[in-house]
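Residue-level listing of the chains:
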Amino acid sequence: MKKLKLEIELTYDDELMHSGDSDPQSKAWFTREVLLKEEGGLILHSNEIGDEVGEVRVLSISNVEEGAKGRLQRASARYVERMGHECPFCGSREVESSDNYASDQDWIRVPTHCWRCCFEWTEVYLLSRIAIHNKDVEALPSEL
Ligand SMILES: [Zn+2]
């Protein structure tokens, strides 16, 4: 018997295997009993030879999707830190916010678009106060 160290990426139906992320116990069971089980856990099968190639022992697990989420969170934080102005994905200043904004209670959502990389995102504003022009103060209704 020969032992090789492989780096593999597993794509599987997480909803079918452990109800996605909705059932942490089921997900823990899947990780412990299916992926990490020391003996007879995972079998590498080849459709090419129509047979089992050998037994796989999982050495480490990382979540590729969480990596993408992390990158998105960093891009979002950088965008907010720079007060917008630059596309969070490609850095272009050719970004345009739509006049077609939506609001619900005190949140205002503005669809925004990058003309270079064509990514689209939504700027979310919290309405905290208003500022009025000095010339309008005299026109305020007296009952306010
Ligand atoms: Zn861009």
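First things first, this report covers the structure right here in the doc. Counting of residues starts from 1 at the beginning of each chain's written sequence and follows it residue by residue. Selection of residues for local features in this predicted model requires a pLDDT of at least 70, selection of side-chain atom pairs for listing and counting requires 80 or more, and totals for whole chains, interfaces and linings are taken over all residues.

## Remarks on the overall build of the protein chain
Stated formally: Only DSSP runs of H or I reaching four residues or more are called helices, and only runs of E reaching two or more are called strands; each is numbered from the N terminus. A radius of gyration in this sense is built from C-alpha atoms; the matching globule rule multiplies 2.2 Å by the number of residues raised to 0.38. Two residues qualify as a contact pair if the distance between their C-beta atoms, derived from the backbone, is within 7 Å.
Summing up its helical and strand segments, the protein chain has 4 helices and 6 strands in all. The helix and strand sequence of the protein chain, counted from the amino end, reads α-α-β-β-α-β-β-β-β-α. Computed over the C-alpha atoms, the radius of gyration of the protein chain is 26 Å, more than 25% above the 15 Å expected from 2.2 N^0.38 for a compact globule of 144 residues. Taken along its principal axes, the extent of the C-alpha atoms in the protein chain is 90 × 35 × 25 Å. For the protein chain, the share of sequence-separated contacts (at least 6 apart) that also reach a separation of at least 24 residues comes to 20%.

## Some remarks on the pairing of strand 1 (residues 42-46)
Using the following cut-off: The exposure label follows from counting other C-beta atoms within 10 Å of a residue's C-beta, where the C-beta atoms are placed from the backbone and the thresholds are 20 or more for buried and 12 or fewer for exposed, leaving partly exposed in between. Two strands are said to pair when DSSP picks up at least two bridges between them.
Within strand 1, only 0 of the 5 residues are buried, which leaves it mostly out in the open. As consecutive antiparallel partners, strand 1 and strand 2 (residues 51-56) are separated by 4 residues, and within that stretch Gly50 has a phi angle of approximately 65 degrees, a positive value.

## Description of unusual backbone geometry
If you check the backbone angles, Met83 has positive phi at about 55 degrees while not being a glycine. Here Met83 lies in the loop between helix 3 (64-81) and strand 3 (95-97). Positive phi, normally seen in glycine, also occurs at Cys118, with a value near 70 degrees. Here Cys118 lies in the loop between strand 5 (107-114) and strand 6 (120-126).

## Quick word on the pairing of strand 5
Note that strand 3 and strand 5 share 3 bridges and pair antiparallel. Following the sheet pairing, Glu96 is matched in strand 5 by His113. Counting the residues that bridge the hairpin from strand 4 (residues 102-104) to strand 5 gives 2 residues, and of these Gln105 lies at a positive phi of roughly 50 degrees. Bridging between strand 5 and strand 6 involves 7 bridges; their strand directions are antiparallel. In the sheet register, Val110 faces strand 6, and the bridge partner there is Glu123. Taken together, strand 5 and the strand that follows it, strand 6, pair antiparallel across an intervening segment of 5 residues, in which Cys118 is found at a positive phi of about 70 degrees.

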